[in-house]
Amino acid sequence: MAVMNQDGSTIVALATPVGVSAIALLRISGPLCRAWAAGGLFGRTLVPRRAHHLDYLALDGRLLDDVVVVSYLAPASYTGEDCLELSCHGNPLIAQRLVEDLCARGCRLAQPGEFTQRAFLSGRLDLSQAEAVMDVIQARSDRSLAVAQKQLKGSLGRHLLPLQRALLDAAAQVEAYIDFPDEDLPPEDQAKVKAELEAVLRGTRQLLATRHYGEMLRDGIRTVIVGAPNAGKSSLLNRLVGFERALVSPEPGTTRDFLEAWIRVGPHALRLIDTAGLNRLPLSELEARGIALTRTQLAEADLVLWVVDLSDDSPALSIPPPELVAMLSPDKVLVVGNKLDRLEQAVLGSECDAAARRAMVRAQAEGKLSRVWSVPDGVQLGAPLVVSAQTGAGVDALVERIVGWADAFQLEVGDEVIAIGLRHAQALERAQESLGRALGQLVPGGLKATELLASDIRGSLEALGEILGKYDHERMLDRLFATFCIGK
Ligand SMILES: Nc1nc2c(ncn2[C@@H]2O[C@H](COP(=O)(O)OP(=O)(O)O)[C@@H](O)[C@H]2O)c(=O)[nH]1
Ligand SMILES: [Mg+2]
């Protein structure tokens, strides 16, 4: 049985935001709840999981509020302990008086995350599920919410379980030989263990591959808008955000610092970053600093929107500096030709029909873009797009392209979408290292001591165990015992 609630305390906290609202919810968890549900708080017994509308009287008999109270008995509650939930009128003063009264009756204020921590300690959630609670609360896009909800239901645990099982098998086979120093792990067992470890390694790689997507889900897709001064970067940001977030001016070098704005595109959340213009000859010290910042932003970008002014006839200005191009992998750069409206205006006077004019504009735009930015082979983002930040033309197609690009990152592991976080990645990397060392011994003549092999397998098992927060020694012993019975 898991350890729970080490200090025996009953905790209370406001579960809804502080402020005026229709209702505020207080959550209480711990041993005092049992007596309170049995009549200790309201003078009557509460039927578990049933809403009771009752007057809450303070210790001195004052009426604090009429509340709706629901009791949950261990282990069938969020924390796995006895719990009460009180809904009062959403006046912060009432909530505060209730909390004070509950503390006077023996509760203490909960630490941040303590309810979920108790849920983990009582075995209601594994660690990856406990983390998913935060992800569900903080998700900014439909996709990140969906993945977090799956993880809350234990998707990561379900994928780790077969890997852990295979490692336990391998460990049991190897450990069985440790007690017999004169016997070496026979070649056929070595081959079996090797195959198992390789399968686990493939599984960990598969999970690790979801890390980048996981970061994009949790932190938003870092989308950096770059290009020459006056190309219309800030205008494009404003157009995507839907209001005047950034200053736009015909004077080059308006944006010196960088600006951030969150937008949702389809099921994804984008963290848009507007930067100072990039040109070859920084005009001022301040601009030069802006450009240095842009480089930093580019290095951390998931996606780069490279804005080119289609109406600018001095391409030298809009050709990106080669050292920056070298920094960028083509699969994250989307070239956006802007000010399409100006090209359209230029051909308005011509004699031909609308279709021919459109073709002329297109040809001009493409010619221009191919001069200022030659897109390397193997680009996954497709042909450059042309837009007008001013009229909004082409912006829907741009958004569509971004959604398609982001969708491609979603990796299915088995039949579920998984997106691991940093902590998971670190544990998986440690598991990989141990697996690599173990496999290094399973080459002909490579096995020096069975103990070393066993310890590397245990190392990878422990690393995987950290993800869910439980490393089950007992199960491992069970396996070992079973091996002895059958084999020896
Ligand atoms: N005609 C036209 N002008 C634009 C367009 N986008 C931006 N501009 C103008 O170009 C100038 C520079 O725009 P801004 O967004 O500040 O460029 P930034 O320096 O790249 O951030 C401003 O005068 C904008 O009004 C566009 O699509 N069409
Ligand atoms: Mg700007």
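Cut-offs used in this document
- Residues numbered from 1 in each chain as written.
- Chains lettered and ligands numbered in written order.
- Predicted model: local features only at pLDDT ≥ 70, side-chain atom pairs only at ≥ 80, totals over all residues.
- Helix = DSSP H or I, 4+ residues; strand = E, 2+ residues; numbered from the N terminus.
- Buried ≥ 20, exposed ≤ 12 C-beta atoms within 10 Å, placed from the backbone.
- Contact = placed C-beta atoms within 7 Å.
- Pairing = 2+ DSSP bridges.
- Near = placed C-beta within 6 Å.
- Nonpolar A, V, L, I, M, F, W, Y, C, P; charged D, E, K, R; others polar.
- Expected span 1.5 Å × (residues − 1).
- Arc of directions from axis to C-beta.
- Axes fitted to C-alpha atoms, helices over the stretch in contact; angles between N-to-C directions.
- Parallel < 35°, antiparallel > 145°, perpendicular 65-115°, else oblique.
- Left-handed = near helix turned anticlockwise from the far one by under 90°.
- pLDDT = per-residue confidence, 0-100.

The next point concerns the environment of A170. Within the secondary structure, A170 sits in helix α6 (residues 155-175). Accessibility expressed as a C-beta count within 10 Å gives 27 for A170, which makes it buried. C-alpha of A170 to C-alpha of D189: the two residues are 19 residues apart in sequence and 9.3 Å apart in space. Residue contacts for A170: discarding those within four places in its chain leaves V193, E196, L197 and I457.

Okay, the pairing of strand β3 (residues 52-57) next. As paired elements, β3 and strand β4 (residues 63-72) share 6 bridges and run antiparallel to each other. Bridge pairing links L54 to V67 in β4. Counted along the chain from β3 to the antiparallel partner β4, the turn is 5 residues long, and its residue G61 has a positive phi close to 90°.

With respect to the helices and strands, the residue G154 is situated in the loop between α5 (142-152) and α6. A C-alpha to C-alpha distance of 7.7 Å links G154 and D126, two positions 28 residues apart in sequence. Those residues within four positions of G154 in sequence are excluded, and the remaining contacts are D126 and Q129.

This part covers the site of ligand 1. Near ligand 1 you find 21 residues, and of these G232, K233, S234, S235 and Q390 are the closest. Put simply, the parts of the chain that give the shell around ligand 1 at least two residues each are α9 (233-241) and α13 (340-348). Residue composition of the shell around ligand 1, grouped by class: 5 nonpolar, 12 polar and 4 charged.

With that settled, consider helix α7 (residues 187-208). Over its 22 residues, α7 runs 31 Å from end to end, which matches the ideal 32 Å to within 8%, given 1.5 Å per residue. Of all the positions in α7, only Q190, V193, E196, L197, V200, G203, T204 and L207 are classed as buried. The arc enclosing the buried residues of α7, seen along the axis, measures out at 150°, which places them on a common side. Within α7, the exposed residues directed more than 90 degrees away from the buried face are P187, E188, A191, A195, R202 and R205. Check the buried side of α7 and you find it contacts α6, β13 (412-413) and α16 (422-441).

For the rest of this paragraph, the subject is the packing of α16 against helix α17 (residues 450-468). Here α16 crosses α17 at 165°, and the two axes come no closer than 8 Å. Considered as vectors, α16 and α17 are oriented roughly antiparallel to each other. Where α16 crosses over α17, the two elements pack in a sense that is left-handed. From α16, H424, A427, R430, A431, S434, L435, R437, A438 and Q441 reach across to α17, where they touch L452, L453, D456, I457, G459, S460, A463, L464, E466 and I467. Here the contact of α16 with α17 is built from residues that sort into 10 nonpolar, 5 polar and 4 charged.

Take the packing of helix α3 (residues 114-121) against helix α4 (residues 127-138) next. Between α3 and α4, whose axes approach to 9 Å, the crossing angle comes to 160°. With respect to α4, the element α3 is oriented roughly antiparallel. Like other packed secondary-structure pairs, α3 and α4 cross with a definite hand, here right-handed. Of the residues in α4, those touching α3 at T116, A119 and F120 are L127, A130 and V133. Each residue belonging to the contact of α3 with α4 can be placed in one class, and the counts come to 5 nonpolar, 1 polar and no charged.

For the rest of this paragraph, the subject is the sheet that holds strand β11 (residues 333-338). On the basis of which strands lie adjacent, the open sheet formed by 6 strands has the order β8-β9-β7-β10-β11-β12 and mixed pairing. The open sheet has two free edges, formed respectively by β8 (259-265) and β12 (385-386), since each of these has just one partner strand. Relative to strand β9 (residues 268-274), strand β7 (residues 221-227) is paired through 5 bridges, and the arrangement is parallel. Bridged to I221 within β9 is L270.

A few words on the pairing of β7. Along β7, 6 of the 7 residues are buried, which leaves the element largely enclosed by surrounding structure. Across 5 bridges, β7 lies against strand β10 (residues 303-309) in parallel orientation. Looking at the pairing, T223 lines up with L303 of β10.

As a further point, take the confidence of the model for the chain. For the chain, the mean per-residue pLDDT works out to 85, and 86% of the residues sit at or above 70. pLDDT under 50 marks residues 479-488. Its contacts with residues more than four places away, or in other chains, come to 10 contacts.

Quick look at unusual backbone geometry now. Along the chain, A74 connects to P75 via a cis peptide bond; the corresponding omega equals 0°. Position of P75 relative to the elements: it lies in the loop between β4 and β5 (83-89). Even without being glycine, K339 reaches a positive phi, approximately 70°. For K339, the location among the structural elements is in the loop between β11 and α13. Since 25 C-beta atoms lie within 10 Å of it, K339 is described here as buried.

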